[in-house]
Amino acid sequence: MENIVWINGSYEEDNRIFDSKRQAEEWTDALLPDFGPYLIRKMNVGYATPDEREINYLEYFLPKWASYNNVKISIHREKTIIDGQDIYKIWTQQV
């Protein structure tokens, strides 16, 4: 996980577990402006959250966002435990 720009941490919602799938999907889709510049520059970018649904949606959205910019990526994800809380991570790797 070297050379990854982690974009989480700048929003209050980054540590939120959403009440519904729809809220999680809307929030995740709204992250395109945060991911886009890194994808265009062909930089590896990642996100971490306690809400696994966000990671699932990012796993769906990231390849689409990359293809819009003719960028080829692979997706990686993992679950870690920080202070007793599950944290889900997803990041891109340029292909």
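Provided above is the structure to which this section pertains.
Here, residues in each chain are numbered from 1, in the same order as that chain's written sequence. Only residues with pLDDT of at least 70 get local features here, since the model is predicted, and only at 80 or more are side-chain atom pairs given and counted; chain-wide, interface and lining totals rely on the full set of residues. Only heavy atoms go into the side-chain values, all of them from the structure, while hydrogens and water stay out.

(A) Structural view of the sheet that holds strand β3 (residues 73–82). Pairing is mixed in the open sheet, where four strands are placed in the order β1-β2-β4-β3. Strand pairing shows two members of the sheet lacking a second neighbour, β1 (4–6) and β3, which therefore form its edges. Neighbour to neighbour, the strand axes of the sheet diverge by 25° on average, direction disregarded. The pairing criterion for strands is at least two bridges between them, as found by DSSP. Helix and strand assignments follow DSSP, with helices taken as H or I runs no shorter than four residues and strands as E runs no shorter than two, numbered in order from the N terminus. Here strand β2 (residues 44–49) pairs with strand β4 (residues 85–94) via four bridges, running antiparallel. Residue pairing for β4: Gly 46 is matched across the bridge by Trp 91. The sheet contacts of helix α3 (residues 52–68) involve β2, β3 and β4, and relative to β3 the element is tilted by about 165°. Between N-to-C directions, angles span 0 to 180 degrees; the directions come from axes that are lines fitted to C-alpha atoms, helices contributing only their stretch in contact. Contacts between residues were defined by any pair of non-hydrogen atoms, one from each residue, lying within 4.5 Å.

(B) Geometry of helix α1 (residues 21–29). Categorising residues by exposure relies on relative accessible area from a 1.4 Å probe, with only protein chains included: less than 20% of the type maximum marks a residue as buried, more than 50% marks it as exposed, and the intermediate range marks it as partly exposed. Along α1, the residues classified as buried are Ala 24, Trp 27 and Thr 28. Each buried residue of α1 lies within a common arc of 95° when the element is viewed along its axis, so the set occupies one face. On its buried side, α1 packs onto α2 (32–40), β2 and α3. This arc is built from the directions going out from the helix axis to the C-beta atoms.

(C) Spotlight on the nonpolar core. Put simply, buried Ala, Val, Leu, Ile, Met, Phe, Trp, Tyr and Cys residues joined by side-chain atoms within 4.5 Å make one nonpolar core. Residues Phe 35, Leu 39, Tyr 47, Leu 58, Leu 62 and Trp 65 are the most contacted members of the largest nonpolar core, which totals 19 residues. Mapped onto this core, the elements with two or more residues apiece are α1, α2, β2, α3 and β4. It is α3 that provides the largest number of residues to this core, a total of six residues. Those residues within four positions of Trp 65 in sequence are excluded, and the remaining contacts are Thr 28, Asp 29, Leu 31, Leu 32, Phe 35, Leu 39 and Leu 58.

(D) Local environment of the pairing of β4. Pairing between β3 and β4: ten bridges, direction antiparallel. Note that in β4 the partner of Ile 75 across the bridge is Thr 92. Where β3 hands over to β4, the hairpin turn is made up of two residues, of which Asp 83 adopts a positive phi near 50°.

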